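# An overview of the molecular structure
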Amino acid sequence: MSVAPVSSRLQIKPLHPLFAAEVTGVDLTVPVSRDNFRAIWDAFNRFEVLVIRDQGFNDDTQIAFGKNFGPLETMEAHPANNFRPGHIAVMTNLDANGNLLPLDDPGMLHRLRNEAWHTDSSFKPVAALCSMLHGRIVPPVGVGGNTDFASARAAYAAYPDTRKAEFEGMTVIHRVAKPEDKNDPAYNAEQKKRLTVRHPLVRANPVNGLKNFYAGAHAQQIEGMDEAKGYQLLTDITAFCTQPQFVYSHQWLQHDLVIWDNRSALHRATTFDKTKYKRKMHRTTVAGAAQEEYFAQMPEPLAA
Ligand code: OGA
Ligand code: MN
């Protein structure tokens, strides 16, 4: 008598009362069915952060899966990605031979910036739609090195209504590097100029209309407002959004894939003993343009 294979079915389980969910029952290293991708896309818009365990990606399959969401960003060669231009940014404390880097290595110093709350590529004219981080080498459970996520959508919903009308009219200047970082070797003057852009302080998800604050470490100035006052307001808003009730902290297991919505979630790396434990994460980032068109054109899945 033959035994029917155990069929796996995509399931979504919330990880936090307000956002973040775990997706199970799907292998993303092989082409994903339209129905499964639709379920992932819907969950992404609803939950902002998706955790999918046990995905045995290499760079090629990670890139192929990422392209379901739209065109990928191409990283410029700089210390944040070990000078490797392309679709994969490597977040690691290891050198090319897999040995621990000294804490004062320029790449290590540059990656410390990830420990401030931020949203990826908010300093680009077309800010990122989402990032996908895959745990290739992760520190042992319990020693730190989590990635924290904050829902700036849940925070916006919880924010007192009194100032919301005022906030909605505000435009924020985002910069890749703070103006005072004159000696930051990671970016030259041309890049700093090109990577200074404007975005509204309040954005809405185009699928469900839910609004959120769009701030984080790159948000540095409010147009038409005194610089120090604007900076203070942005700092206060980021602090409001990152209160514990709006935070999901992800403890990594090897081969986790975490996808986050850069349009509304903030994130930060957390520290661990980088002289002792190895950590290597590969990131793909989907550019923000045209996704809404892309998915508007995507036919509804056929009824089963
Ligand atoms: C990133 C990032 C956080 C981490 O890859 O964009 O901020 O925990 N990473 O490595
Ligand atoms: Mn980041």
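Up top is the structure these notes are about.
Notes on the structure follow. Every value quoted in this text rests on a predicted model; they were computed, and no experiment measured them. (Residues numbered from 1 in each chain as written. Chains lettered and ligands numbered in written order. Predicted model: local features only at pLDDT ≥ 70, side-chain atom pairs only at ≥ 80, totals over all residues. Heavy atoms only, no water.)

### Focus on helix H2 (residues 59–66)
- What H2 keeps buried is the set Gln62, Ile63, Phe65 and Gly66. Angularly, the buried residues of H2 cover 165 degrees about the axis, an arc narrow enough to put them on a single face.
- Buried residues in H2 make contact with helix H1 (34–47), strand E5 (128–137), strand E13 (257–261) and strand E15 (280–287).
- One side-chain oxygen of the residue at the start of H2 lies 3.0 Å from the amide nitrogen of Asp60, identifying that residue as Asn58. (Buried < 20%, exposed > 50% of the residue type's maximum accessible area, 1.4 Å probe, protein only. Helix = DSSP H or I, 4+ residues; strand = E, 2+ residues; numbered from the N terminus. Arc of directions from axis to C-beta. Contact = heavy atoms within 4.5 Å. Polar contact = N/O pair within 3.5 Å; in protein donor to acceptor, adjacent residues only side chain to side chain.)

### Some remarks on the site of ligand 1
- Around ligand 1, the neighbouring residues are Met91, Asn114, His118, Asp120, Leu133, Thr147, Trp260, His267, Ala269, Arg279 and Arg283.
- Here ligand 1 has 290 Å² of accessible area as a free molecule, and 99% of this is covered by the chains. (Near = heavy atom within 4 Å. Areas by Shrake-Rupley, 256 points an atom, 1.4 Å probe, with all protein chains shown as cover.)

### Here we look at the side chain of Ser121
- Residue placement: Ser121 occurs in the loop between helix H3 (106–111) and E5.
- For Ser121, a relative accessible area of 4% gives the class buried.
- Setting aside residues up to four positions removed in sequence, Ser121 forms contacts with Glu73, Ala127 and Ala128.

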